[in-house]
Amino acid sequence: MGAPAGVLGPAVIGGTLRPYLGPLTGIVVDAAIFLVVVVAAYVLYKAVIAPLARRVFDRQGLDEHARRPLQKIVAFVVLFAGVTVGFGAAGYQGFLRSLATIAAAATLAIGFALQDVIKNFVAGVFIYTDKPFRIGDWIEWQGNSGVVEDISFRVTRVRTFDNELLTVPNHTLTSDVVKNPVAKKTLRLKFVFGIDYEDDVEKATDIIVEEAEKSEAILEDPAPSVRLTELADSYVGLQARIWIDDPSRADFVKARADYVKAVKERFDEEGISIPFPQRTVSGRNEWTDPSSFGGDA
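In short, a report on the structure. Please read all numbers here as calculations on a predicted model, not as lab measurements.

**Concerning the overall build of the protein**
Link 1 in the chain: Counting its secondary structure elements, the protein contains 8 helices and 7 strands.
Link 2 in the chain: Across the 297 residues in the protein, those meeting the buried criterion constitute 26%.
Link 3 in the chain: Surface exposure of the protein reaches about 19800 Å², of which carbon and sulfur atoms provide 59%.

Following this line, the structure appears as structure tokens:
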């Protein structure tokens, strides 16, 4: 009965190399087997697994920022599997068992030491799956705001509007409320115009709506609207509600600024005033002429 092919191959190779390598033949053959298995795993990843993973990512509609770390994880898993199989094929089972024991103990110790890292990693997975925001989105959280520049499994990098780069742990963005004003195709803006109590509310309302309808940046549908929302100490508050399309931070700031400026100019033309805060001072007693403070001349 012939020897199995898996045993015959290394034996034949060993017999061929023994005259040249002597006692090192076994070590060289085992190392060669290990290297061949690892290279085969790499070729398998490049030729089969990587294209298959890309097709799966395309089917799931993942963005480029989500694909890169996932591709790295797939490559790591394939390489780890190739190294493990290579150890077994090369006859390094004893070393593999020792390595597994050491890895288990190290994993336990590292797990306690890296709780925050693991927490942020899990939060990063949730960000990739739930997609609360994407690279290029303008987000707001805990009094901060900016544009997302990069998302990794541990941190998210956000560029503020003062051009500061914030590195935010992912757990911070998944454990609290995050506002994403540009998540949808339209964004509603609100602004309160204060007019004098003696001014015509209906006339001011018409002006506010008319200026919104003139603006190219403001949508006609949903239509602009105005509501009386405040009766403050010194003014009557009229809240304008307008909508813009394809919002970004720049669009939001410019559209609102241009609109408010146009309404202010119309108010000036039509004689509608935006009053300063006013206070009425009163005392318990009647007012005394200051000239009487000095007494008799």
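**A few points about the packing of helix H7 (residues 201-214) against helix H8 (residues 249-270)**
Link 1 in the chain: Packing of H7 against H8 leaves a shortest axis separation of 9 Å and a crossing angle of 140°. For the element pair H7 / H8, the angle class is oblique. You can see that H7 and H8 cross each other, and the crossing is right-handed. For the pair formed by H7 and H8, the contact residues are Lys203, Ala204, Ile207, Ile208, Glu210, Glu211, Ala212 and Lys214 on the first element and Tyr259, Ala262, Val263, Arg266, Phe267 and Glu270 on the second.
Link 2 in the chain: Its residues assigned to classes, the contact of H7 with H8 comprises 8 nonpolar, no polar and 6 charged.

**Some points on unusual backbone geometry**
Link 1 in the chain: The step from Asp221 to Pro222 runs through a cis peptide bond, and the omega angle for that step is 5°.
Link 2 in the chain: Phi angles above zero are rare outside glycine, and Lys131 is one such case at about 55°.
Link 3 in the chain: Here Lys131 lies in the loop between helix H5 (115-130) and strand E1 (138-141).
Link 4 in the chain: Phi angles above zero are rare outside glycine, and Gln142 is one such case at about 45°.
Link 5 in the chain: Tracing the backbone shows Gln142 in the loop between E1 and strand E2 (144-151).

**Digging into the environment of Val253**
Link 1 in the chain: The residue Val253 is located in helix H8 in this model.
Link 2 in the chain: Look at Val253 and you get partly exposed, because its relative accessible area is 38%.

**With respect to the sheet that holds strand E7 (residues 236-245)**
Backbone-to-backbone hydrogen bonds join strands into a sheet, with any given pair of strands oriented parallel or antiparallel.
Link 1 in the chain: Reading across from one edge, E5-E7-E6 is the order of the 3 strands in this open sheet, with antiparallel pairing throughout. Here the strands that pair on one side only, and so sit at the sheet edges, are strand E5 (186-195) and strand E6 (225-231). The average undirected angle you get between the axes of adjacent strands in this sheet is 30°.
Link 2 in the chain: Across 6 bridges, the pairing between E6 and E7 is antiparallel.

**Things to note about the sheet that holds strand E4 (residues 165-169)**
Link 1 in the chain: Reading across the sheet, the 4 strands line up as E1-E2-E3-E4 and stay open at both edges, with antiparallel pairing between neighbours. At either end of the open sheet lies a strand with only one pairing partner, and these are E1 and E4. Across the sheet, the mean angle from the axis of one strand to that of its neighbour is 45°, orientation sign disregarded.
Link 2 in the chain: Pairing geometry for E2 and strand E3 (residues 155-159), over 4 bridges, is antiparallel. Of the residues in E3, the one forming a bridge with Ile151 is Thr156.

**Brief notes about the environment of Val78**
Link 1 in the chain: Along the polypeptide, Val78 turns up in helix H3 (residues 64-89).
Link 2 in the chain: Along the backbone, Val78 and Ile49 are 29 residues apart, and their C-alpha atoms lie at a distance of 8.6 Å.
Link 3 in the chain: Here Val78 is in contact with Ala41, Tyr45 and Ile49, once residues within four sequence places are set aside.

**Some details on H7**
Link 1 in the chain: Its 14 residues give H7 an end-to-end C-alpha distance of 20 Å, which sits within 8% of 20 Å, the value for a rise of 1.5 Å per residue.
Link 2 in the chain: Considered for burial, the residues of H7 that qualify are Ala204, Thr205, Ile207, Ile208, Glu211 and Ala212. Buried residues of H7 fall within an arc of 160° about the axis and therefore sit on the same side. Of the exposed residues in H7, those oriented more than 90 degrees away from the buried face are Glu202, Glu213 and Lys214.

Basis of the calculations
Residues numbered from 1 in each chain as written. Predicted model: local features only at pLDDT ≥ 70, side-chain atom pairs only at ≥ 80, totals over all residues. Heavy atoms only, no water. Helix = DSSP H or I, 4+ residues; strand = E, 2+ residues; numbered from the N terminus. Buried < 20%, exposed > 50% of the residue type's maximum accessible area, 1.4 Å probe, protein only. Areas by Shrake-Rupley, 256 points an atom, 1.4 Å probe, with all protein chains shown as cover. Axes fitted to C-alpha atoms, helices over the stretch in contact; angles between N-to-C directions. Parallel < 35°, antiparallel > 145°, perpendicular 65-115°, else oblique. Left-handed = near helix turned anticlockwise from the far one by under 90°. Contact = heavy atoms within 4.5 Å. Nonpolar A, V, L, I, M, F, W, Y, C, P; charged D, E, K, R; others polar. Pairing = 2+ DSSP bridges. Expected span 1.5 Å × (residues − 1). Arc of directions from axis to C-beta.

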